[in-house]
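Working through the structure, step by step
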Amino acid sequence: MSTAQPLPAAPAVSPKAAPAPATPPIVEIEKLDFFYGDKQALFDVTLGIPEKQVTAFIGPSGCGKTTLLRCLNRMNDLVDVARIGGGEIRIDGINIYDPRVDVIELRKRVGMVFQKSNPFPKSIYENIAYGLRLHGIKHKDKLDEIVEKSLRGAALWDEVKDRLHDSGMGLSGGQQQRLCIARAIAVEPDVILMDEPCSALDPIATAKVEELIHELKTRYTIVIVTHNMQQAARVSDQTAFFYLGKLIEFAGTQKIFMNPSNPQTESYVSGHFG
Amino acid sequence: MTPRPDFPSRRSILRQPSWAARWEASLFLLLRVATYGVLLAAAVVFLDIGWKGGRVVFRAEAPFINVPFLTEAPESLHVLKLPDGATLKMGDREYRAFNEAHPEQVKAARSETYVYSAGGIFPNIVGTVLLVLGAMVIALVLGVCSAIYLSEYAKEGPLVRLVRLSIANLAGVPSIVFGLFGFGLFVVALGWNVSLLAGWFTLAFMVLPIIITASEEALRAVPKGLREGALALGATKFQTIRTNVLPYALPGILTSSVLAIARVAGETAPIMFTAAYVVRDQMPWQVEKWTDFFFQGVMALPYHIYVVASKIPQNDYTRDVQYGTAFVFLFTVAAIALSAILLRARLRKQYRW
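Since this is a predicted model, take the numbers as computed values, not measurements. (Residues numbered from 1 in each chain as written. Chains lettered and ligands numbered in written order. Predicted model: local features only at pLDDT ≥ 70, side-chain atom pairs only at ≥ 80, totals over all residues. Heavy atoms only, no water.)

Things to note about the overall build of chain A
- A count of helical and extended segments in chain A gives 10 helices and 10 strands.
- Against the compact-globule benchmark of 19 Å for 274 residues, chain A has a radius of gyration of 19 Å, which places it among compact chains.
- By residue count, 54% of the 274 residues in chain A fall in the buried class.
- Of the contacts formed within chain A by residues at least 6 apart in sequence, a portion of 69% connects residues at least 24 apart.
- Only carbon and sulfur atoms are counted for the fraction: they give 53% of the accessible area of chain A, which is about 12,000 Å².
- Side chains of chain A give 31 positive and 33 negative charges; the mean places of these two sets differ by 2 Å. (Helix = DSSP H or I, 4+ residues; strand = E, 2+ residues; numbered from the N terminus. Rg over C-alpha atoms; globule rule 2.2 N^0.38 Å. Buried < 20%, exposed > 50% of the residue type's maximum accessible area, 1.4 Å probe, protein only. Contact = heavy atoms within 4.5 Å. Areas by Shrake-Rupley, 256 points an atom, 1.4 Å probe, with all protein chains shown as cover. Lys, Arg positive; Asp, Glu negative; His and termini not counted. Charge placed at Lys NZ, Arg CZ, Asp CG, Glu CD.)

Okay, here's the thing in structure tokens:
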């Protein structure tokens, strides 16, 4: 990462609430502080993610965007030293860090697609059936039906319908990533988190995934972390810009890219740093 | 070549004799000889046992295999030198029948008896296979469970460090100490007597470090993405491990068991106080109650070699038994290990990542 000009210091307080989104927020993040051990990774983040829209998190490496994403399905629980320092995240009005929350049920509601595609070393069919079986769906016909529906939903059906029982590891990188998306939508989550889903893909595969994201937002709320600002501009409705663990600006994507209110946002989206 | 004053040591790229070059060449030769030494040692051991043992186990005429040696129990060998100069060799049962039929011949003959030199080693083969199977089941259950705990659940801390230290130390304990430990705990304190069960647990504890260490490595080698992928779909931690981690680690775990099998089958010291009998008339399945099965001692191949090689007077007849047993022993271990390797190959094909 090259720095073209001296970075302005991050502001001490986060900006005021984001402009009213088109749909009511399904995920509300309020005054969230997050720590890895003694190191604070997120500072006082407040953000509402609107339902059935695509929200992009952008910012330079280490700005906390992936950390925030992994807070939303409590994937950070896997990190021993990770902890919430203050604030809360509400999904449908329930604080997901409340001790009464069942993390397993939460993760069934909030699916995730990872940066590095991680199909299971099983057949394409079994990759999708895995999540369904976790949900107690065992009947063969039902499984067949949902597997097909999910693969169609992920725009993968035509490419794999003749080799459903071949290993998912045999697919190309872009197909693997769409398989992971199919796997995530098979269990009908409310929210799909995507952690740089295209960072390892070539431009054509990336275009397919982006097209897919565009289709999926009619049914799911999508949160996408991306390094690629053009991608954020292409796929998202709302964009949040993070820097050094703070939310610098959150607004409609058009506004962030055309007319940002914060000078830091402006210098980042115009390519001066990051 | 143009002279380069800034690099005075520069010279032609053509090779020139030098002490440094000669030193390197002789060092290389030493490394090579040391490596081939291993080959030589292996060749001597296997050819010696293969040649001398093969003569006992294989026959020149059909069925080409010495069937009695593989299917009968050990017996004493009786060699009768008859007055007419003929020599008769027979096993115990044959000798008793012969004695009843022709007592006058036996009386007239000069007879010599060599223990364990007739019959076969069938009970020993069965005993070794039973010891290996039982010990491996116990070692794998305990070992894989603790490996899962160490790699998936335990948080690094003083207690886990102590556990790891114990595992490392356990690996360094001589096998005879395991034998004494098994004798003290299982045979005496728990009152299991000399039994399969005592032998199983003693052998299992001996190979636990191998199994735990290798299983933990195998579990850690499973990519983090597979765990996260399953957890993100709403699997519990245990579901994730059972369906999406352990199956992929199995080939690695089986690799460690191949090593462990060789040790379990081969060690004599741990079983000599805990499970092995010098001689036993009944086969392991000839028990009154099924529970007796676990509390019986067995004959075993390594212990049999030890007994015939060091506890009885030596002669050509006992030497045949020694080499034949060693040959069969190597073959048995190889067969058990090979089945583990084949199973691993099948699993690898099933889950490739």
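That was the structure; now back to the text.
Re the nonpolar core
- Judged by nonpolar contacts, the single largest core of 69 residues is most densely connected at A:Leu151 and A:Met194.
- A:Leu151 has contacts with A:Ile124, A:Ile128, A:Leu156, A:Trp157, A:Val160, A:Leu164, A:Leu179 and A:Ala182, leaving out every residue within four places of it along the chain.
- Counting residues in each nonpolar core, the second largest holds 54 residues, with B:Tyr116, B:Ala265, B:Ala300 and B:Ala340 among its members. (Core = buried A, V, L, I, M, F, W, Y, C linked by side-chain atoms within 4.5 Å.)

Quick word on the packing of helix H11 (residues 246-266) of chain B against helix H14 (residues 316-350) of chain B
All names here are of chain B.
- Interhelical geometry of H11 versus H14 gives an angle of 175° and a closest axis separation of 9 Å. As the angle between them shows, H11 and H14 are arranged roughly antiparallel. Judged by residue contacts, Leu 250, Pro 251, Leu 254, Thr 255, Val 258, Ile 261, Ala 262, Ala 265 and Gly 266 of H11 engage Phe 329, Val 333, Ile 336, Ala 337, Ala 340, Ile 341, Leu 343, Arg 344, Leu 347 and Arg 348 from H14.
- Its residues assigned to classes, the contact of H11 with H14 comprises 15 nonpolar, two polar and two charged. (Axes fitted to C-alpha atoms, helices over the stretch in contact; angles between N-to-C directions. Parallel < 35°, antiparallel > 145°, perpendicular 65-115°, else oblique. Nonpolar A, V, L, I, M, F, W, Y, C, P; charged D, E, K, R; others polar.)

Considerations on the interface of chain B and chain A
- Contacts between the two partners involve 21 residues from chain B and, on the opposite side, 25 residues from chain A.
- For the pair chain B and chain A, the summed buried area comes to about 1,700 Å², and 65% of that belongs to carbon and sulfur atoms.
- When the buried surface of chain B facing chain A is broken down by residue, B:Glu228, B:Ala232 and B:Leu233 rank first, second and third, together holding 35% of it.
- Summed over the shared surface of chain B and chain A, the result is one salt bridge.
- Residues A:Arg70 and B:Glu228 are paired through a salt bridge, measuring 2.6 Å at the closest nitrogen-oxygen approach. (Buried area = accessible area lost by both parts, 1.4 Å probe. Salt bridge = Lys/Arg side-chain N within 4 Å of Asp/Glu carboxyl O.)

Brief notes about the packing of aromatic side chains
- Per the counting criterion, the structure on display carries 19 aromatic pairs over all chains.
- Consider the rings of B:Trp200 and B:Phe294, whose centres lie 5.8 Å apart with planes at 75°: the pair is edge-to-face. Of the two residues, B:Trp200 is situated in helix H8 (residues 196-220) and B:Phe294 in the loop between helix H12 (269-272) and helix H13 (301-310); the sequence distance between them amounts to 94 residues.
- Judged by relative accessible area, which is 10%, B:Trp200 ranks as buried.
- On the basis of relative accessible area, B:Phe294 is assigned to the partly exposed category, the value being 27%.
- Ring-pair connections join several aromatic residues into one group, and the members of that group are B:Phe181, B:Phe186, B:Trp192, B:Phe201 and B:Phe205.
- Directly above the aromatic system of A:Phe120 lies the positively charged group of A:Arg183, at a separation of 4.0 Å from the ring centroid. (Phe/Tyr/Trp six-rings, centres within 6.5 Å; stacked < 30°, edge-to-face > 60°. Lys NZ or Arg CZ within 6 Å of the ring centre and 35° of its normal.)

Without other data, these values stay purely geometric and don't point to any function.
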